[in-house]
Amino acid sequence: MKKENNYISTEMNHKKLIVGVVIIHVCFMLIGASGIISTLKEKNIFYGLLINMIYQLTLIIMIGVAMKQYLITSFKKFKADRISVNIKRVLAGVGIAFLLSCIAGIIEMTVCSNTSVSANQSNVSGYFVDYPILAVIMSVIMGPFTEEIIYRGILFRFFSKYGELCAVLVTGFLFGTMHMLSSFGNTNILLFLCQWLDYFLSGILLGFIYKKLQKYLDKYFNTRHLESDWCCNDINKNNVSKII
């Protein structure tokens with residue numbers, strides 16, 4: 001199987017799936033901003049939750065088919081690291097994200113004299129009241145997985161050809177903008193910008209974290225790929241160990 005841009009398949013069918021993932025994501029966010037899902041939630045909140053979960057599940061299946069090798073390699077790298085290292089990474093990420101959110105909140109308080117959650121965050125929070133378990137699966141597991149694959153796994157790679165800093169800034173901008181679509185036109189401009197800044201800073205942070213971890217992942221993948229090639233050519237283990 002041909003691979004490019006760090007083991008994302010370049011087969012035409014898989015390329016179409018990857019493009020389809022991004023298009024479906026954009027369309028769903030636009031539908032959410034239109035108020036259609038909110039209308040369904042008013043009739044029965046389960047309808048809104050069901051639509052969200054079907055959307056997330058569709059993306060996960062498409063991503064699994066198109067980016068199978070990438071996901072397998074990422075998981076192997078995760079397993080190869082010590083549990084303590086992964087825990088530290090998670091805690092560090094959560095801590096920095098919380099700090100950035102506090103900074104955005106302070107700016108919002110200073111500029112707008114009050115703080116409030118975005119329409120997107122409000123919509124998600126509503127599901128936790130009636131369906132907490134499904135809401136956790138959707139917003140804590142499925143949502144972050146699909147969003148990180150889209151923004152850091154697909155779009156980041158696309159914009160990386162213009163420079164890694166460009167990829168970080170553009171994906172951060174898109175991450176913030178897409179999450180604020182539901183609030184567009186429904187709040188004053190200063191409040192909108194402050195809430196957008198929160199998402200934008202989070203996107204920037206995630207971009208830099210991905211950029212750093214990607215180097216380790218690439219090194220891991222290239223080492224394993226080299227080892228596999230030598231083994232297939234009946235090179236003895238001593239030679240393999242020297243190369244690694």
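Residues numbered from 1 in each chain as written. Predicted model: local features only at pLDDT ≥ 70, side-chain atom pairs only at ≥ 80, totals over all residues. Heavy atoms only, no water.

Colleague: What is the right way to look at the overall build of the chain in this model?
Modeller: When helices and strands are tallied, the chain shows 10 helices and 2 strands. The linear arrangement of helices and strands in the chain, starting from the amino end, is β-β-α-α-α-α-α-α-α-α-α-α. The buried share of the chain, reckoned over its 244 residues, is 36%. Considering only intrachain contacts with a sequence separation of at least 6, the fraction spanning at least 24 residues in the chain is 71%. Put simply, the chain shows about 14400 Å² of open surface, and 68% of that area lies on carbon and sulfur atoms. (Helix = DSSP H or I, 4+ residues; strand = E, 2+ residues; numbered from the N terminus. Buried < 20%, exposed > 50% of the residue type's maximum accessible area, 1.4 Å probe, protein only. Contact = heavy atoms within 4.5 Å. Areas by Shrake-Rupley, 256 points an atom, 1.4 Å probe, with all protein chains shown as cover.)

Colleague: Explain the environment of L181 here, please?
Modeller: Here L181 lies in the loop between α8 (164-179) and α9 (189-232). Beyond its immediate sequence surroundings of up to four residues, L181 is in contact with M29, L30 and A33.

Colleague: What's the story with the pattern of salt bridges in this structure? I'm lost.
Modeller: It is possible for side chains of opposite charge to pair when their charged atoms get near one another. According to the stated counting rule, one finds 2 salt bridges in the structure shown. Across the pair E148 and R152 runs a salt bridge whose closest N-O atoms are separated by 2.7 Å. Separated by 4 residues within a single helix, E148 and R152 lie in helix α7 (residues 132-159), roughly one turn from each other. Classification of R152 by relative accessible area gives buried; the value is 2%. With a shortest N-O distance of 3.5 Å, E164 and K211 are connected by a salt bridge. Placement of E164 in helix α8 and of K211 in helix α9 is noted, with a sequence separation of 47 residues between them. When its relative accessible area of 33% is taken as the criterion, E164 is described as partly exposed. (Salt bridge = Lys/Arg side-chain N within 4 Å of Asp/Glu carboxyl O.)

Colleague: How do you make sense of the side chain of N52 when you look at a structure like this?
Modeller: By secondary structure assignment, the location of N52 is in helix α3 (residues 45-66). Setting aside residues up to four positions removed in sequence, N52 forms contacts with F28, I37, Y127 and M138.

Colleague: Any chance you could explain a nonpolar patch on the surface here in plain terms?
Modeller: Judged by side-chain polarity, F128, I133, V136, I137, V140 and I141 come together as a nonpolar surface patch covering roughly 520 Å² of accessible area. If you tally residues by element for the nonpolar patch, the top one is α7, at 5 residues. With respect to the element layout, V140 can be found in helix α7. Accessibility expressed as a relative area gives 51% for V140, which makes it exposed. (Patch = residues over 30% accessible without salt bridge, like charges linked within 9 Å, V, L, I, M, F, W, Y side chains within 5 Å.)

Colleague: Can you walk me through the nonpolar core in this structure?
Modeller: Nonpolar side chains in soluble globular proteins generally cluster together in the buried interior. Among the nonpolar cores identified, the biggest contains 39 residues, and V21, M67, Y127 and I154 are the most heavily contacted of them. Elements represented by at least two residues in this core include exactly α1 (12-34), α3, α7, α8 and α9. Among the elements that make up this core, the one with the highest residue count is α7 (10 residues). (Core = buried A, V, L, I, M, F, W, Y, C linked by side-chain atoms within 4.5 Å.)

Colleague: It is not clear to me how the packing of α7 against α8 should be interpreted in this structure. Could you clarify?
Modeller: Two numbers describe a pair of packed helices, the interaxial angle and the distance between the axes. Look at α7 against α8: their axes get within 9 Å of each other, and the N-to-C directions meet at 140°. In terms of their interaxial angle, α7 and α8 are classed as oblique. Seen along the crossing, α7 lies across α8 with a hand that is right-handed. Residue-level contacts link E147, Y151, R152, L155, F156 and F159 of α7 to E164, C166, A167, V168, V170, T171, L174, F175, M178 and H179 of α8. (Axes fitted to C-alpha atoms, helices over the stretch in contact; angles between N-to-C directions. Parallel < 35°, antiparallel > 145°, perpendicular 65-115°, else oblique. Left-handed = near helix turned anticlockwise from the far one by under 90°.)

Colleague: Can you help me understand the confidence of the model for the chain in this one?
Modeller: Any residue range with low pLDDT should be treated as having predicted coordinates unsuitable for detailed reading. Here the chain averages 75 in pLDDT, and 76% of its residues register 70 or above. Per-residue pLDDT, averaged within each element of the chain, yields its smallest value for helix α10 (residues 237-243) (41) and its largest for α8 (91). Counting interchain partners and residues more than four positions distant, the pLDDT-below-50 stretch residues 219-244 has 16 contacts. (pLDDT = per-residue confidence, 0-100.)

Colleague: What am I meant to see in the packing of aromatic side chains here?
Modeller: Aromatic ring pairs are described here by two measures, namely the spacing of the ring centres and the angle between the planes. All told, the structure shown has 8 aromatic pairs when counted by the stated rule. Considering the side-chain rings of W196 and F200, the 4.8 Å spacing of their centres and the 10° angle between planes classify their relative orientation as stacked. Of this pair, W196 and F200 both sit in helix α9, 4 residues apart, which is roughly one turn of that helix. Take W196: its relative accessible area is 17%, and that puts it in the buried class. With relative accessibility at 17%, the residue F200 sits in the buried group. Sitting above the plane of the F175 ring, R152 keeps its charged end 5.0 Å from the centroid. (Phe/Tyr/Trp six-rings, centres within 6.5 Å; stacked < 30°, edge-to-face > 60°. Lys NZ or Arg CZ within 6 Å of the ring centre and 35° of its normal.)

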